[in-house]
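# Survey of secondary and tertiary structure
Here is what each chain is made of, one letter per residue.
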Amino acid sequence: MQTKVRELMDKTKLTNILSMQDDILSMQELVLVQRLAEKYPFCSLFWVLGAKISTILNSFNQKEWLSKAGVFVADRERLKQTILSAKETLERRKELQNAMLKKANSKDIITEINSYKEENLSENPTKEELINRFLKIENPKLSPKEAEIEETEENIDNVIKRSAKEDISFATETMAKIYLKQGNKDKAIKIYQQLMTSNPKKSIYFANQIEKIKNS
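These notes cover the structure that comes with them. (Residues numbered from 1 in each chain as written. Predicted model: local features only at pLDDT ≥ 70, side-chain atom pairs only at ≥ 80, totals over all residues. Heavy atoms only, no water.)

A few words now on the packing of aromatic side chains. Throughout the structure, instances matching the rule amount to six aromatic pairs. Measuring from ring centre to ring centre gives 5.5 Å for Trp47 and Phe72, while their planes differ by 5°; the resulting arrangement is stacked. Of this pair, Trp47 sits in helix H3 (residues 44-56) while Phe72 is found in helix H4 (residues 62-72), placing the two residues 25 residues apart along the sequence. Relative accessible area serves as the criterion here: at 8%, Trp47 is assigned to the buried category. Given the relative accessible area of 31%, Phe72 is considered partly exposed. Three or more aromatic residues joined by ring pairs make a cluster, and in this case those are Phe42, Trp47, Trp65 and Phe72. (Phe/Tyr/Trp six-rings, centres within 6.5 Å; stacked < 30°, edge-to-face > 60°. Helix = DSSP H or I, 4+ residues; strand = E, 2+ residues; numbered from the N terminus. Buried < 20%, exposed > 50% of the residue type's maximum accessible area, 1.4 Å probe, protein only.)

Below you can see the structure in the form of structure tokens.
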């Protein structure tokens with residue numbers, strides 16, 4: 001009794017799969033066909049169905065399905081036509097997915113364009129507002145970090161200019177500190193090494209600074 005019930009259930013599953021359109025076949029159907037093929041290994045229909053669905057889904061094991069179908073199916077020409085038809089379905093699915101993706105992307109772009117609004121700009125901007133807006137775009141304000149870097153670079157230039165008038169050890173040590181602040185440890189160490197040569201009295205102090213930089 002149980003065997004008959006199971007056979008009836010298998011027939012129902014198979015009928016449902018056969019009645020489905022190729023475009024809506026999914027991995028669920030492939031799994032069902034695989035179970036039926038394992039249960040009835042000498043039924044060529046299941047292997048053909050498996051080869052067909054795995055091709056439509058571009059499954060990783062489609063070659064395995066096709067190989068087994070070739071063993072159990074006598075009509076090779078019919079099998080070939082089934083696979084060609086499955087590949088056409090696969091291409092249609094890809095084209096449909098690409099079209100839907102493009103449509104979704106175009107909608108996002110259009111929505112973004114429609115929702116875009118210039119900041120601090122009235123609905124009917126005057127000529128002066130437009131000019132000011134243009135100047136802001138052409139000459140954007142520096143971020144705090146960019147401003148700090150620019151200021152540091154100016155400080156280096158100023159130190160170099162002052163070095164001709166002021167004490168050379170002060171100028172170069174200041175430069176070393178600025179390089180260190182920028183994260184350029186190699187240049188800072190190089191300056192301290194030069195200072196050790198030009199100012200032997202403070203060589204121990206400069207050596208300690210180098211050691212600190214290396215350990216930091």
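This paragraph deals with the packing of helix H9 (residues 185-198) against helix H10 (residues 203-215). For any two helices packed against each other, one specifies the crossing angle of their axes together with the interaxial distance. The interhelical angle for the contact between H9 and H10, taken along N-to-C directions, is 165°, at an axis separation of 9 Å. By the angle class used here, H9 and H10 are roughly antiparallel. Seen from above, H9 lies across H10 with left-handed handedness. Facing H9, whose interface residues are Lys185, Ala188, Ile189, Tyr192, Gln193, Leu195 and Met196, H10 presents Ser203, Phe206, Ala207, Gln209, Ile210, Ile213 and Lys214. Of the residues belonging to the contact of H9 with H10, the class tally is nine nonpolar, three polar and two charged. (Axes fitted to C-alpha atoms, helices over the stretch in contact; angles between N-to-C directions. Parallel < 35°, antiparallel > 145°, perpendicular 65-115°, else oblique. Left-handed = near helix turned anticlockwise from the far one by under 90°. Contact = heavy atoms within 4.5 Å. Nonpolar A, V, L, I, M, F, W, Y, C, P; charged D, E, K, R; others polar.)

Another point: the pattern of salt bridges. Side chains bearing opposite charge may pair, as long as their charged atoms lie close to each other. Within this structure, the stated rule accounts for four salt bridges. For Glu64, the salt bridge goes to Lys68, with nearest N and O atoms at 3.5 Å. With Glu64 and Lys68 both in helix H4, this residue pair falls four residues apart, about one helical turn. In this structure, the salt-bridge partner of Glu173 is Lys202, at a minimum N-O distance of 3.9 Å. Taken as a pair, Glu173 in helix H8 (residues 168-182) and Lys202 in the loop between H9 and H10 lie far apart in primary sequence, 29 residues in all. For Glu173, a relative accessible area of 9% puts it in the buried group. With a relative accessible area of 33%, Lys202 lands in the partly exposed category. (Salt bridge = Lys/Arg side-chain N within 4 Å of Asp/Glu carboxyl O.)

Before going further, it helps to examine the nonpolar core. Counting residues in hydrophobic clusters, the biggest one holds 20 residues, and the most contacted among them are Ile17, Val33, Ile53, Trp65, Ala69 and Leu79. Of all elements in the fold, only helix H1 (2-19), helix H2 (27-39), H3, H4 and helix H5 (76-115) reach the threshold of two or more residues within this core. It is H3 that contributes the most residues to this core, seven residues altogether. Excluding anything up to four places from it in sequence, Leu79 contacts Val48, Leu66, Ala69, Gly70 and Val73. Grouped together as the second largest cluster of nonpolar side chains are 11 residues, Ala188, Ile189, Leu195 and Ile210 included. (Core = buried A, V, L, I, M, F, W, Y, C linked by side-chain atoms within 4.5 Å.)

Look at Asn58: it is not a glycine, yet its phi comes out positive at around 55°. Mapped onto the elements, Asn58 comes out in the loop between H3 and H4. Since its relative accessible area comes to 43%, Asn58 is described here as partly exposed.

Keep in mind these values describe shape, not function.
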